[in-house]
Amino acid sequence: MAAGALAFGATAHVSQDPLPSWNDGPAKRSILAFVAEATEPGGARFVPPDARIAVFDNDGTLWTEQPTYVQSAFTLDRLRALARENPELLRNQKVRDALENGDGGTALSEPSPELIAALAAVYAGMTPGEYERIVSEWLATAKHPRFRRRYTELVYRPMLEVIRYLKANGFRTYIVSGGGQDFMRPWIGRVYGIPPEQVVGSTIEVKYELRNGVPVLVRLPKVDFIDDKEGKPVGIHKFIGRRPVAAFGNSDGDRQMLEYTAVGEGAHLMLLVHHDDCEREYCYDRESRVGRLDAALDEARRRGWTVVSMKRDWRYIYPFEAPAGARPP
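Residues numbered from 1 in each chain as written. Predicted model: local features only at pLDDT ≥ 70, side-chain atom pairs only at ≥ 80, totals over all residues. Heavy atoms only, no water.

S.K.: Please clarify how the packing of helix H6 (residues 128–141) against helix H8 (residues 181–192) should be interpreted in this entry.
M.R.: Any two packed helices are characterised by the angle at which their axes cross and by the distance between the axes. As a packed pair, H6 and H8 sit with axes 9 Å apart at the nearest point and diverge in direction by 65 degrees. Note on packing geometry: the crossing formed by H6 with H8 is right-handed. Where H6 approaches H8, its residues Pro128, Tyr131, Glu132, Val135, Ser136 and Leu139 are matched on the opposing element by Asp182, Phe183, Arg185, Pro186 and Trp187. Taken together, the residues that form the contact of H6 with H8 break down as seven nonpolar, one polar and three charged. (Axes fitted to C-alpha atoms, helices over the stretch in contact; angles between N-to-C directions. Helix = DSSP H or I, 4+ residues; strand = E, 2+ residues; numbered from the N terminus. Left-handed = near helix turned anticlockwise from the far one by under 90°. Contact = heavy atoms within 4.5 Å. Nonpolar A, V, L, I, M, F, W, Y, C, P; charged D, E, K, R; others polar.)

S.K.: Which parts of the structure should I look at to understand the pairing of strand E2 (residues 172–180)?
M.R.: For a regular strand, side-chain orientation follows a simple rule: the groups alternate between the two sheet faces. For E2, the tally of buried residues reaches seven of nine residues, placing the bulk of the element in the interior. Judged from the four bridges that link them, strand E1 (residues 53–56) and E2 form a sheet pairing that is parallel. In the sheet register, valine 55 faces E2, and the bridge partner there is tyrosine 174. The pairing of E2 with strand E3 (residues 199–211) spans three bridges and is parallel. Paired with glycine 180 across the strands is serine 202, a residue of E3. (Buried < 20%, exposed > 50% of the residue type's maximum accessible area, 1.4 Å probe, protein only. Pairing = 2+ DSSP bridges.)

S.K.: Can you walk me through H6 in this structure?
M.R.: Given 3.6 residues per helical turn, the α-helix brings residues three or four places apart onto the same face. With 14 residues, H6 should reach 20 Å at 1.5 Å per residue; the first-to-last C-alpha distance of 21 Å fits that figure. Those residues of H6 that fall on the buried side of the exposure criterion are Pro128, Tyr131, Ile134, Val135, Trp138 and Leu139. Across the axial projection of H6, the buried residues extend over an arc of 130 degrees, all falling on one side. The exposed residues of H6 that point more than 90 degrees off its buried face are Arg133, Glu137 and Thr141. (Expected span 1.5 Å × (residues − 1). Arc of directions from axis to C-beta.)

S.K.: Which parts of the structure should I look at to understand the packing of helix H9 (residues 231–239) against helix H10 (residues 255–262)?
M.R.: At a minimum axis distance of 7 Å, the contact between H9 and H10 shows a crossing angle of 55 degrees. It follows that H9 is oblique to H10 by the angle criterion. Of H10, the residues touching H9 (which contributes Lys232, Pro233 and Ile236) are Gln256, Met257 and Tyr260. Among the residues forming the contact of H9 with H10, the class breakdown is four nonpolar, one polar and one charged. (Parallel < 35°, antiparallel > 145°, perpendicular 65-115°, else oblique.)

S.K.: Help me understand a positive patch on the surface, please; the structure alone is not making it clear to me.
M.R.: A contiguous patch of positive charge on the surface is contributed by Lys143, Arg148, Arg150 and Arg190. Structurally, the position occupied by arginine 190 is in helix H8. (Patch = residues over 30% accessible without salt bridge, like charges linked within 9 Å, V, L, I, M, F, W, Y side chains within 5 Å. Areas by Shrake-Rupley, 256 points an atom, 1.4 Å probe, with all protein chains shown as cover. Salt bridge = Lys/Arg side-chain N within 4 Å of Asp/Glu carboxyl O. Lys, Arg positive; Asp, Glu negative; His and termini not counted. Charge placed at Lys NZ, Arg CZ, Asp CG, Glu CD.)

S.K.: What should I look at first to understand the sheet that holds E3 in this one?
M.R.: For sheets, the rule is that strands pair by backbone hydrogen bonds, running either parallel or antiparallel. Strand order in the open sheet made by the seven strands is E4-E3-E2-E1-E5-E6-E7, with mixed pairing throughout. Two strands bound the open sheet, and with one partner strand each, they are strand E4 (214–225) and strand E7 (306–309). With strand direction ignored, the average angle separating the axes of adjacent strands in the sheet is 30 degrees. Sheet topology note: the strand E6 (residues 269–274)/E7 ladder contains four bridges and is parallel. Residue pairing in the sheet places histidine 274 in a bridge with serine 309 of E7.

In structure tokens, the structure reads:
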């Protein structure tokens with residue numbers, strides 16, 4: 001990925017199409033027009049380099065989130081293993097419900113406060129590094145139930161191109177996701193080219209302590225911050241400190257982030273990915289429990305935000321779909 005990113009950055013300012021996985025249409029043109037306006041010195045909508053902040057949701061915006069969020073699949077696998085080692089976990093009815101659910105973890109898509117507390121307790125006492133190793137080991141082997149590929153292979157090639165294109169034009173790119181911050185940080189850099197310090201996600205509380213004279217941070221069984229819905233603008237303010245000029249999402253959980261982005265000065269881009277390709281990926285929006293897109297879709301159409309049709313706008317969805325010899329994303 002790194003080599004591809006360097007190659008992409010080196011050619012972004014010449015005539016070569018910076019978004020080759022996108023079909024020509026209003027969605028692609030809106031991205032190109034936004035970058036042109038934001039980077040034109042002296043232009044009416046010019047955005048100074050230090051204000052060029054772009055934020056991306058992760059699940060359903062940058063990688064596949066069906067039939068359940070990837071972190072939910074990870075948690076379900078871990079719960080099964082831990083329950084075999086520690087049957088006491090099964091005393092919690094919410095944990096039993098999650099394990100007995102037959103659809104791959106839907107119970108974890110909208111977890112109750114009781115289940116969130118139980119899951120936080122599972123990893124209590126670990127250092128962030130210990131938890132990250134568990135995540136990395138799982139992602140190295142776990143495969144999606146439909147595509148039979150590792151989850152990190154199921155990232156969206158067109159969105160990788162957008163990230164590279166923005167970075168080549170002086171934008172700082174951030175992940176702003178409802179997913180766990182510690183879950184995302186171990187692999188985000190390798191997969192998206194975004195460093196871990198530019199990941200804003202949901203967090204649990206940690207404390208500082210000495211272990212055998214070595215200072216460490218330790219995870220506590222208590223949720224600190226949920227970075228979803230109204231929490232996303234709050235997280236942006238707390239951890240980034242600037243209002244974005246571009247925001248990318250796919251669900252109602254991203255609506256407030258796009259609203260917050262829309263009211264600043266200069267060029268702006270608010271974009272929603274609409275999952276309407278049943279053959280190559282999935283079709284879902286208003287009725288889905290995972291990645292529901294309802295109120296945000298209505299608002300996007302009312303306010304003129306960019307709505308991307310995966311079926312019409314994306315020539316390829318995944319990196320492995322591109323023909324041999326195609327430029328890497």
